[in-house]
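# Coordinates in review
Single-letter residue listing:
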Amino acid sequence: MRLAAFDEMLPEVSGLRRPYSAYDRWLKEQDPARLTEKMQDAERVFRKTGITFAVYGEQEASERLIPFDIVPRIISGNEWRRLTQGIEQRVQALNAFLDDIYHRQEILRAGRVPRDLIAKNEAFLPEMIGVRPPAGVYTHIIGVDIVRISEDEFYVLEDNARTPSGVSYMLENRETMMQLFPELFQKIKVRPVENYPQLLRQSLAAVRPQSTKGAPTIAVLTPGSFNSAYFEHAFLADQMGVQLVEGQDLRVVDGHVAMRTTEGYKQIDVLYRRVDDSYLDPLTFRPDSALGIPGIMDVYRAGNITIANAPGTGIADDKAIYSYMPEIIEFYTGRKAILGNIPTWRCSELDSLKYVLEHIHELVIKEVHGSGGYGMLVGPAATKKECEAFAKKLAAKPSNYIAQPTLALSTCPILTEKGLAPRHVDLRPYVLVSDRIQIVPGGLTRVALKEGSLVVNSSQGGGTKDTWVLDD
Amino acid sequence: MLLGRTANGLYWMNRYIERAENMARLVDAGLRMALTRTQSASEEWNSVLLSAGSDVTFKQKYSEYTAANVSDFLLRDTSNPSSTMSSIETARNNARMVRTALTRETWESINEAWMSLKRMLARPIDERDLPSVLDAIKRETALIRGSFYGTMLRNEIFDFSQLGTYVERADNTARILDVKYYVLLPSISWVGSTLDNYQWESILRSVSAHRSYRWVYDAEYKPTNIADYLILNVRMPRSLTFCYRFLSEHLKFLSDDYGEHHACHATVERTQSMLRAGSIKNIFDAGLHEFLANFIQDNTKLGDEIAQDYRFN
């Protein structure tokens with residue numbers, strides 16, 4: 001399947017786009033053989049540093065790398081300003097929505113979001129009803145997945161409001177590019193992303209519990225070294241200069257969460273957790289879980305620890321809720337969404353289901369609770385048989401699915417053996433919320449390395465690119 | 001301040017790195033004995049297993065003490081938790097857990113040692129290759145030690161790591177001596193036969209001290225000198241006194257940093273002053289075996305106390 005896609009460097013209609021002009025000049029001066037060499041250098045850098053995403057299992061000696069492409073994805077200062085306005089508005093709405101859902105539920109009373117969608121949703125935590133987190137922030141770290149269709153059309157594909165990952169790749173990609181092509185960064189003014197760990201630390205410190213005396217103690221909570229994102233957890237703890245803890249290191253001591261250290265128990269004020277809600281507190285959520293900290297929810301409810309992101313934020317980035325985001329944004333900010341949603345059919349609604357079943361070969365169909373590109377159907381790329389099989393699953397449990405048109409995601413060139421070739425990309429900027437909203441100028445650009453493919457997930461053969469926001 | 005789990009990871013990472021190397025050294029010494037002695041090679045292998053603390057588990061699996069069986073069991077058998085392969089695997093798992101506490105060079109050297117030993121020890125070792133495999137193991141652990149000493153900050157992370165190294169090393173040296181204590185006893189040993197020469201050389205070889213011994217003493221092996229060298233010599237990096245000098249030093253750094261004295265400080269102090277005051281004659285008079293058995297017990301106690309005092313058990 002080939003879609004006529006908008007290429008961000010060299011659109012067919014208008015020729016080379018301005019953000020890429022300086023880079024293009026530089027590129028034309030390069031010897032292709034040298035570039036190929038640099039590509040191999042990049043892989044070596046990644047292997048040496050051990051930037052991996054999959055756990056190398058007991059039997060596996062090799063670590064899996066996410067392929068890295070050396071052609072940057074470039075965004076102009078103007079484009080970025082527009083994006084950040086849209087993202088800020090969205091993130092404000094997400095936090096307002098969470099506060100409302102766990103308190104007065106005005107939006108449900110107003111009938112803008114169906115009650116059932118919340119009450120019957122597994123991501124909704126009744127334990128959070130009436131709980132107001134320190135500084136009133138629910139989702140502190142957000143990764144908003146954005147796609148582009150044309151010069152002016154950007155859409156939000158997904159709000160990752162629970163524990164978005166990938167920020168370590170944003171940082172390492174930049175580091176690698178600066179090592180490979182220092183001269184490029186002299187020629188072109190690219191806005192820095194390196195201070196993300198410091199910003200994250202400051203942001204987490206700013207939302208500490210009110211009762212905290214002095215500088216807050218911050219820790220990153222990981223499920224452990226066999227988790228697939230362990231590298232990132234260790235990386236962030238290291239870069240922020242805070243402890244990397246597991247559930248077994250923590251317990252509740254005198255109404256506070258404390259970690260067991262060589263000098264006894266030390267109180268923790270802010271916990272950046274990279275574990276799911278259900279593994280936080282076995283007393284509250286999963287009695288069978290060995291990962292959690294018994295009693296942490298009581299400490300939380302008493303306002304003695306900040307958990308980032310707050311438990312129960314999943315209700316805001318659920319795929320079924322996603323389709324209501326335009327209404328949600330308008331309800332809380334009083335304005336139309338600056339960044340639109342992709343039109344979405346909720347298969348739970350009869351009319352929509354009928355339409356989706358009739359147009360299954362044109363649509364992308366996703367599981368409401370799925371992630372990582374699994375359990376989805378890309379209609380135009382699927383065989384007739386696959387479509388039929390999927391239609392059966394869909395008809396059996398319609399409320400489990402949403403459908404979206406197959407969009408021609410913009411492309412960006414990658415370096416292949418035969419020179420530059422366009423591939424589809426998306427963008428995940430990272431947002432930090434404390435007493436203010438900060439967006440690091442850049443993000444993670446994921447790229448589908450297979451020609452024509454629209455699936456950018458690293459678990460399905462996607463790669464990454466350094467993302468440049470120009471200081472212009 | 002460190003997480004108790006991190007201190008634990010560092011301590012055991014280093015104990016296992018030390019153990020991985022000690023196993024190779026023991027097999028090396030056994031191999032040398034088996035090659036140079038015409039009879040009772042099996043007896044020699046038995047004492048190698050005793051020194052490794054693995055004779056009971058070995059007997060559950062094998063009936064014969066041969067070079068192939070013993071080296072397989074001590075180097076590559078993953079069902080033996082102390083084999084070189086198991087040790088390096090445990091060391092690496094610990095290193096992965098405490099990755100944020102290690103320099104990149106240290107982590108990479110451990111990871112690479114694990115990868116290359118895993119490849120090398122994947123299949124049974126051909127007897128002809130045994131010497132080169134033993135060399136490779138010692139080289140990998142030397143690389144880890146090199147990057148560790150060369151790049152790590154001398155802070156509490158370093159202290160807990162060193163505690164692991166020296167507790168394990170002291171235990172190893174004491175066990176080697178204890179298994180062979182009878183050949184060192186004056187009454188039996190001072191016959192000067194070639195047989196004893198081999199026995200003594202084997203002891204020295206299993207702590208890589210057969211060459212340095214000659215620099216310190218003379219070319220002739222004397223049991224009292226050998227015992228003196230391995231127990232009391234301050235300069236010999238595998239002697240009990242040497243290990244305790246460093247154990248005491250690192251525990252002192254910790255008590256200075258944390259401003260707290262624990263049970264382990266008293267224990268290390270006691271053992272150290274006992275070693276300082278000791279002469280090899282007194283040790284032999286009071287009974288070498290008794291001395292070593294006591295030492296091993298105290299050393300184990302010290303390890304337990306460190307874990308308890310610094311909350312990582």
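Residues numbered from 1 in each chain as written. Chains lettered and ligands numbered in written order. Predicted model: local features only at pLDDT ≥ 70, side-chain atom pairs only at ≥ 80, totals over all residues.

### Thoughts on the domain arrangement of chain B
Residue and element names in this part refer to chain B. Along its sequence, chain B is organised into domain 1 (1–152) and domain 2 (154–313). Taken together, the contact pairs 28 residues of domain 1 with 25 residues of domain 2. Elements supplying a minimum of two residues to the side of domain 1 that touches domain 2: helix 1 (4–36) and helix 2 (41–52). In terms of residue count, the dominant contributor to the side of domain 1 that touches domain 2 is helix 1 (20 residues). (Domains from an automatic or database assignment. Contact = placed C-beta atoms within 7 Å. Helix = DSSP H or I, 4+ residues; strand = E, 2+ residues; numbered from the N terminus.)

### Comments concerning unusual backbone geometry
Residue and element names in this part refer to chain A. Residue N309 follows A308 across a cis peptide bond; omega there is -10 degrees. Its location among the elements puts N309 in the loop between strand 10 (306–308) and helix 11 (314–317). Non-glycine residue D254 carries a positive phi angle of around 50 degrees. Secondary-structure assignment places D254 in the loop between strand 6 (250–253) and strand 7 (256–261).

### Things to note about the interface of chain A and chain B
Across the boundary between the two partners, chain A contributes 18 residues, which contact 16 residues of chain B. Looking at the side of chain A that touches chain B, the elements that each hand over two or more residues are helix 9 (230–240), strand 5 (243–245), strand 7 and strand 8 (264–268) of chain A. When grouped by side-chain class, the residues that make up the side of chain A that touches chain B number six nonpolar, six polar and six charged. (Nonpolar A, V, L, I, M, F, W, Y, C, P; charged D, E, K, R; others polar.)

### Some details on the environment of F158(B)
Residue and element names in this part refer to chain B. Here F158 lies in helix 8 (residues 156–179). Linking F158 and P131, residues 27 residues apart in sequence, is a C-alpha distance of 32 Å. With residues near it in sequence (within four places) discarded, F158 still touches M152 and L153.

### Overview of the pairing of strand 20 (residues 444–448) of chain A
All names here are of chain A. Within strand 20, five of the five residues are buried, which leaves it mostly tucked inside the rest of the structure. Both faces of strand 20 are covered, namely the face carrying L444, R446 and A448 and the face carrying T445 and V447. Bridge analysis of strand 17 (residues 419–428) against strand 20 gives four bridges, and the strand direction is antiparallel. Bridge pairing in strand 20 places V425 opposite V447. Note that strand 20 and strand 21 (residues 462–469) share four bridges and pair antiparallel. Counted as the bridge partner of T445 is K465 from strand 21. (Buried ≥ 20, exposed ≤ 12 C-beta atoms within 10 Å, placed from the backbone. Pairing = 2+ DSSP bridges.)

### Topic: the domain arrangement of chain A
How big an interface is tends to be expressed through the accessible area that disappears when the partners come together. Residue and element names in this part refer to chain A. Along its sequence, chain A is carved into domain 1 (18–209 + 305–341 + 407–469) and domain 2 (345–405). Just the C-alpha atoms count here: the centres of domain 1 and domain 2 sit 25 Å apart. Listed by partner, the interface residues are 10 residues for domain 1 and nine residues for domain 2. Class assignment for the residues of the side of domain 1 that touches domain 2 results in four nonpolar, four polar and two charged.

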